[in-house]
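Each chain, letter by letter, is given below.
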Amino acid sequence: MEEGICTICRTPTRSTPYLSAQAEGTLFHYQRCSVCGLVFLNPRPDPEQLLRYYGRDYYGGGERKFTRGIEALRLLFALRRVYRLQRYLPRAGRALDIGCGQGAFLQLLRRQGWAVQGTELMEEPARRARQAGIPVFLGEIQEGQLGEGSLDLVTLWHVIEHLRDPAGMLRRISLMVGKKGLVALSTPNVESTQARVFRERWFHLDPPRHLYLFSPETLHHLMAQAGFRMIYLNHFSLEQNPYGWVQSALNRMAFPGGDLYSFLKSQPGRKRPENSPFLAKMLLLSAALLLPSILISLLMAWRGEGGTLEAYFIKDEAGCG
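Residues numbered from 1 in each chain as written. Predicted model: local features only at pLDDT ≥ 70, side-chain atom pairs only at ≥ 80, totals over all residues. Heavy atoms only, no water.

### Some thoughts on unusual backbone geometry
(1) Moving on: Backbone torsion omega between asparagine 42 and proline 43 reads 0°, so that peptide bond is classified as cis.
(2) Moving on: Topologically, proline 43 is positioned in the loop between strand S3 (39–41) and helix H1 (47–51).
(3) Moving on: For the bond from proline 207 to proline 208, the omega torsion is -5°, close enough to zero to count as cis.
(4) Moving on: Looking at where proline 208 falls in the secondary structure, it is placed in the loop between helix H7 (193–198) and strand S9 (212–213).
(5) Moving on: Look at aspartate 206: it is not a glycine, yet its phi comes out positive at around 50°.
(6) Moving on: Its place among the elements puts aspartate 206 in the loop between H7 and S9. (Helix = DSSP H or I, 4+ residues; strand = E, 2+ residues; numbered from the N terminus.)

Structure follows, in structure tokens:
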């Protein structure tokens, strides 16, 4: 976001306070644009400060981010995304996954005949993806780095909220995507029931890593400005939404923020207090909350108020904004 200019409506920012939340001993403030409704972190850490929040604790240790069982589930969810995308792109082509992590999604696409590559912010996840044979660029894709119209698919799975300049990134993507190319993304839904109920305790708020928080409307307008038309919108994610309810409820009950999430991360050599009363209580509560969270997630998706959004956009040659 340019200083004083809204990323979406491009008007001088007239914003109102949205909420404040504490993370790692620092209080962060979100504001909402009074014109278009975009929610954004203000002020933001500078790029060097922000990198401190993407360390080992964020990416997990060893050769994977999460424990083996969780990684197996994530692989199934990634496979489900591949199958959904094939409804719109039945023929293999060239794909770029921005924020590809350790490359599981791209590995599955490659098995379907796709030529794949990814980007990552930090070296650790990029290294894991390269070990799996995935070509990975470090840092953000720049204009001219890939040929104009050279891509059939660009994906941003829970990435767009992390970008310092999502509008600029989407303009670059638009040049790289060919005619009828597809952009697929997922992101937290700031207009969800989860967000309204838990506010500063909402798991998907995640300051300061989440610089922007989108609603279906603000996401639609941002993508339209870059020349993309929405063709699919889904409010239900079995991977994200039930867990969002569980972890947000634990946060509200004064368990340390994200403690269950940290427990699920892969941390070789970490001594876990497997028999501690605190851990046992947290795991029992999590198990008790899981089924109600799945049912609530289904209901909220039916109401169009899911905690996260998954949306597909086709390049609109006529232009959208």
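### Here's the deal with the environment of cysteine 9
(1) Moving on: Of note, cysteine 9 is situated in the segment before strand S1 (15–23).
(2) Moving on: Judged by its relative accessible area of 23%, cysteine 9 is partly exposed.
(3) Moving on: Considering only alpha carbons, one finds cysteine 9 and glutamine 225, 216 residues apart in sequence, at a separation of 9.4 Å.
(4) Moving on: In this structure cysteine 9 touches Cys33, Val35, Cys36 and Gln225, once residues within four positions along its chain are discounted. (Buried < 20%, exposed > 50% of the residue type's maximum accessible area, 1.4 Å probe, protein only. Contact = heavy atoms within 4.5 Å.)

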